[in-house]
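Examining the three-dimensional arrangement
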Amino acid sequence: MCGIVGYVGHQDAPSIIVEGLRRLEYRGYDSAGVAVLGSDGRTELRRAVGKLKNLDSLLKERPLSGRIGLGHTRWATHGRPSEENAHPHHVDGITVIHNGIIENYLELRRSLQAAGRHFSSETDTEIMAHLVATKLAAGAKDLTEAVRGSLAEVRGAYAFVILSEQEPGTLVTAKSASPIVLGYGEGESFIASDIPACLEHTRNFVFLEDGQMATVRAGSCDVTDLEGHPIDVTPTHVDWSPVMAEKGGHKHFMHKEIYEQPTAVADTIRGRVSMDDATVHLDGVGSGWST
Ligand code: GLU
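Because the structure is a prediction, the values reported are computed rather than measured.

The next thing to look at is the overall build of the chain. For the chain, the count of helices and strands is 9 helices and 16 strands. Over its C-alpha trace the chain gives a radius of gyration of 18 Å, about what one expects of a compact globule, namely 19 Å for 291 residues. Within the span of the chain, comprising 291 residues, buried residues form 51% of the whole. In the chain, the proportion of contacts linking residues at least 24 apart, taken out of those at least 6 apart, comes to 63%. In the structure as shown, the chain presents an accessible area of about 13,100 Å², 52% of it carried by carbon and sulfur atoms.

As a further point, take the nonpolar core. If you look at the biggest cluster of nonpolar residues, it comprises 28 residues, and the most contacted ones within it are I17, V34, L55 and F205. Going through the elements one at a time, β1 (3–8), α1 (13–23), β2 (31–37), α2 (52–61) and β10 (189–192) are the ones with two or more residues in this core. No other element matches α1, which puts 5 residues into this core. F205 has contacts with V181, L182, G183, I195, C198, L199, P235, T236 and V238, leaving out every residue within four places of it along the chain.

With that out of the way, let us pick up the sheet that holds strand β12 (residues 212–217). Read from one edge to the other, the open sheet built from 6 strands follows the order β5-β6-β7-β8-β12-β13, with strand pairing classed as antiparallel. Looking at which strands have only one partner, the edges of the open sheet turn out to be β5 (89–91) and β13 (220–225). Strand-to-strand twist across the sheet, computed as the mean angle between neighbouring axes with direction ignored, equals 20 degrees. Where strand β8 (residues 171–176) meets β12, 5 bridges bridge the pair, whose relative direction is antiparallel. Paired with A174 across the strands is M213, a residue of β12.

A word on the site of the ligand. Around the ligand there are 14 residues in total, and C2, R74, T77, H87 and G100 lie nearest to it. One nitrogen or oxygen atom from the side chain of T77 is found 2.6 Å from a nitrogen atom belonging to the ligand. Protein burial of the ligand: of its 300 Å² of free accessible surface, 98% is covered by the chains. Considering every element that reaches the shell around the ligand, the biggest residue donor is strand β6 (residues 94–102), with 3 residues. For the shell around the ligand, the per-class residue count stands at 3 nonpolar, 9 polar and 2 charged.

This part is about a nonpolar patch on the surface. Together, M254, I258 and Y259 make up a nonpolar patch on the protein surface, roughly 370 Å² of accessible area in all. In this structure, M254 sits in helix α7 (residues 253–259). A relative accessible area of 58% means that M254 is categorised as exposed.

Here is what the cut-offs are and how they apply
Residues numbered from 1 in each chain as written. Predicted model: local features only at pLDDT ≥ 70, side-chain atom pairs only at ≥ 80, totals over all residues. Heavy atoms only, no water. Helix = DSSP H or I, 4+ residues; strand = E, 2+ residues; numbered from the N terminus. Rg over C-alpha atoms; globule rule 2.2 N^0.38 Å. Buried < 20%, exposed > 50% of the residue type's maximum accessible area, 1.4 Å probe, protein only. Contact = heavy atoms within 4.5 Å. Areas by Shrake-Rupley, 256 points an atom, 1.4 Å probe, with all protein chains shown as cover. Core = buried A, V, L, I, M, F, W, Y, C linked by side-chain atoms within 4.5 Å. Pairing = 2+ DSSP bridges. Axes fitted to C-alpha atoms, helices over the stretch in contact; angles between N-to-C directions. Near = heavy atom within 4 Å. Polar contact = N/O pair within 3.5 Å; in protein donor to acceptor, adjacent residues only side chain to side chain. Nonpolar A, V, L, I, M, F, W, Y, C, P; charged D, E, K, R; others polar. Patch = residues over 30% accessible without salt bridge, like charges linked within 9 Å, V, L, I, M, F, W, Y side chains within 5 Å. Salt bridge = Lys/Arg side-chain N within 4 Å of Asp/Glu carboxyl O.

If you want it as structure tokens, here you go:
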């Protein structure tokens, strides 16, 4: 249950992304990061352990600039909280953020290593960056096709957002079990794990369903199933103010907290269940509760 924000449009991507992550802080996290594709065609990353203010300081020291990028607040399941394990992960021009668990990650990691790929983190997520890079190197026609081919090999709960230096105006996102919303702006588009992240910028949203993916550009989102068949979607207009959205339709926050307990527990567990090793990965949960 951590935060995802993607942006492509005409505004300054890093500030929109970090502000969006701030609106998702209620979801809990141990580290945060942002990646932006600059006008020179190169991706730059900033990642920091701990609260968003650490990422803020890093961005003040070494600012980023660009019109497309993605950001993430991580709650570790595979690999300790550290800068190397924080998202985004970047491999051969491909940048990935991910919520959830890749269940068959050991098997995929071994076969990618056997094919000569080197890993720079302990995460399951980095596998997706290598898979997409491998598909592109093997001739996938574009990022969407490379992501689709990679998803066919991945089992688990996920929400992904992926950016490629070869397609500087495109983000590809996909969802299974972890939430993704697409926000439709004027000549700009947003991807997030929840609507408060971009409610300041747009009121028109599509909630992706499991087994759907989308190719997102400034002002357009093409939704398909995992075989590539187009899906017609109609954005829902959300009237809530940002404060109402954070209260989720409840009168006040205490009311919300009480009534959302079952959903909160289900959402927390959902992305952490591994059917492969019959384990629920609850790293980090105990520390808050044991004191
Ligand atoms: N499994 C991934 C990791 O440990 C993502 C965790 C999350 O959902 O934040 O990096």
